[in-house]
Amino acid sequence: MFRKILIANRGEIALRIIRACKELGVKSVAVYSDVDKESLHVAFADEAVCIGPAPAKDSYRQIKNIIAAAEIAQVDAIHPGYGFLSENAEFAHICEECGFTFIGPKSEHIEMMGNKSVAKETMKKFGVPVVPGSDGPVPSVEVGLALAKKIGFPVIVKASAGGGGKGMRVAINELAFRSSFELARGEAEQAFGNGEVYIEKYIESPRHVEVQVFGDKHGHALHFFERECSIQRRHQKLLEEAPCIGIDQKLREKMGEISVKAVKSLGYWNAGTIEYLVDKHGNFYFMEMNTRIQVEHPVTEMITGYDLVQLQLKVASGEPFKIKQSDIRVLGHAIECRINAEDPETFLPSPGTITDYYAPGGVGVRIDSNVYNDYRVLPYYDSMVAKLIVSGKTRAEAIARMRRSLDEFIIQGIKTSIPLHQQIMDVKAYVDGDFGTDFIERYFS
Ligand code: ADP
């Protein structure tokens, strides 16, 4: 196991990683931008190094500053968390070149999965079902149009370098296609500096179901079952749960097996998430693979009892798995609500100072958060202030617990998405488990 690691992140995930380190007896080094000096991750880590000013591009995304901090603190390894540099293949490569173990997959795998159209082609080769669409990037609107007609409308134009729901446009007919194509390309160019797009059949009202996978450095692969992430707004997840209520045991096993096979074929190691769309007939299609720990990993931890961040450290340090697939079981049901600092009406970020904070507790309640009384939510970073995670023996018990916990949660001084989550808990279709990715559009437009 490592002696000391650096955490190249901030917020709740930095704290989450520090907690894993403490339990493993590993020293942790926090990095922070000058506006984050008072943050909990700085207070809780064993050491902390300032890496620059507030804008992430000058601090949390600045590779040379992070490497310099790792050298000063003499760490063995670097954990990237999620966001920032976590899916930057160059960063993973530089870490290894400088002698720091990257707590994540090989840089080749990050690069391969970072291009969604390459990822799709690769997965197809391994026998993973993919959404019907273009074989790789589409060079022009004319080529795209011909293909869209062949696939049949509606289609979705997606950025190869896409992420965070950006660079994605649905076209319902030929006329809409031209503008969707150009809009997606422009948005992709702007957001990712890469205007390459590809086309897929648009699956109507699917479920977003993702499988948590893990590989060790000795060729073994495991899955930790699936998460249901269909409750989204503008293709961004709001609420996640595990297991997925909409799939039966047979499909669950099949998705797990195919995912594990893909991880083995790739020779992939560390944590990964394989995202699928599941249609009404129980067909599932690969969408993308995320090569990092996900925001929503706690729901998987709550139903399996495994600490996935600790497992990341163990695998990165070269430990082989000490468990086998049959040791991993689903116990009960878990739900996570992402509490964002945002206006519930306009959904715009609502930074400011938290004047009063009280977090819910009790049986089966977990809060992953970095905020406290008088904490200032900064406009520079992600607007998520807390993850409220609950578990119960059944989904109904988890929903009742979530309702109760949302009612108990006090965050004053800023606007939050708590009221939105309270409303979701009261929608019959949600309670019945009868929903797809169009849930928010359908019930909250
Ligand atoms: P990102 O990397 O930007 O998050 P994804 O490829 O993971 O993008 O897609 C995000 C969401 O967009 C999915 O969860 C789903 O709701 C929607 N989506 C993506 N592709 C399709 C498709 N072919 N048909 C229907 N919905 C889709």
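A brief structural summary.

About the thresholds
- Residue numbers here run from 1 along each chain, matching the order of that chain's written sequence.
- Per-residue local features are limited, in this predicted model, to residues with pLDDT of at least 70; the limit for side-chain atom pairs, both in listing and counting, is 80 or more; totals at the level of whole chains, interfaces and linings are taken over all residues.
- As a rule here, side-chain values cover all heavy atoms of the structure and leave hydrogens and water aside.
- Secondary structure elements are taken from DSSP: a helix is a run of H or I of four residues or more, a strand is a run of E of two residues or more, and numbering for both begins at the N terminus.
- The method behind every accessible area is Shrake-Rupley, applied with a 1.4 Å probe, and residues are considered shielded solely by the protein chains displayed.
- Under the convention used here, Asp and Glu are negative, Lys and Arg are positive, and both His and the chain ends fall outside the count.
- Think of each charge as sitting on NZ of Lys, CZ of Arg, CG of Asp or CD of Glu.
- The axes are straight lines fitted to the C-alpha atoms, using for helices just the contacting stretch, and the angles between their N-to-C directions are given from 0 to 180°.
- Roughly parallel means an angle under 35 degrees; roughly antiparallel means over 145; roughly perpendicular covers 65 to 115; every other angle is labelled oblique.
- Helix crossings fall into two classes, left-handed where the near helix is turned counterclockwise from the far one by less than a right angle and right-handed where it is turned clockwise.
- The contact criterion used is simple: two residues touch if any of their non-hydrogen atoms lie within 4.5 Å.
- Gly falls in the polar group here, along with every residue not listed as nonpolar (Ala, Val, Leu, Ile, Met, Phe, Trp, Tyr, Cys, Pro) or charged (Asp, Glu, Lys, Arg).
- Exposure is judged per residue with a 1.4 Å probe applied to protein chains only, and the accessible area is read against the type maximum: over 50% gives exposed, under 20% gives buried, and values in between give partly exposed.
- The distinction between a cavity and a pocket rests on a 1 Å grid over the protein atoms alone: a 1.4 Å probe fits inside a cavity but cannot get out, while a pocket stays open yet meets protein on both sides within 12 Å along at least five of seven lines, and a residue with an atom within 4 Å of a point counts as lining.
- Grid points are joined across faces, edges and corners, and a volume is the space filled by probe spheres set on the points.
- What makes two strands pair is DSSP finding at least two bridges between them.

Moving on to the overall build of the protein. Each helix and strand in the protein was counted, giving 15 helices and 20 strands. In terms of overall dimensions, the protein has a C-alpha envelope of 60 × 50 × 45 Å along the principal axes. Counting only carbon and sulfur atoms, one obtains 51% of the accessible surface of the protein, whose full area is about 18100 Å². Mean positive and mean negative side-chain charge positions of the protein (53 and 59 charges, respectively) differ by 3 Å.

What follows deals with the packing of helix α7 (residues 141–151) against helix α8 (residues 174–192). At their nearest, the axes of α7 and α8 sit 10 Å apart, and the two run at 135 degrees to each other. Viewed along their axes, α7 and α8 adopt a mutual orientation that is oblique. Remark: the crossing between α7 and α8 carries right-handed chirality. Along its contact with α7, which presents V141, E142, G144, L145, A148 and K149, the element α8 presents E174, F177, R178, F181 and E182. Each residue belonging to the contact of α7 with α8 can be placed in one class, and the counts come to 5 nonpolar, 1 polar and 5 charged.

Here we come to the environment of A221. Along the chain, the position of A221 falls in strand β10 (residues 221–233). We classify A221 as buried; its relative accessible area is 10%. Note: C-alpha distance between A221 and G267 (46 residues apart in sequence) is 8.9 Å. Other than its neighbours up to four places away in sequence, A221 contacts F214, G215, V260, V263, K264 and F321.

Time to look at the layout of surface pockets. As a volume, the second largest pocket reaches approximately 270 Å³. Looking at the second largest pocket, it is lined by 17 residues, and the ones nearest its centre are S205, R207, K280, D434 and F435. Broken down by element, the residue count for the lining of the second largest pocket peaks at 3 residues, all from helix α15 (residues 439–444). A class-by-class count of the residues in the lining of the second largest pocket yields 6 nonpolar, 5 polar and 6 charged.

As a further point, take the pairing of strand β17 (residues 365–369). Counting buried positions along β17 yields 4 of 5 residues, so the element is predominantly enclosed. With 5 bridges connecting them, β17 and strand β19 (residues 384–392) associate as antiparallel partners. Residue pairing for β19: S369 is matched across the bridge by A386.

The quantities given are spatial measurements derived from coordinates; they are silent on function.
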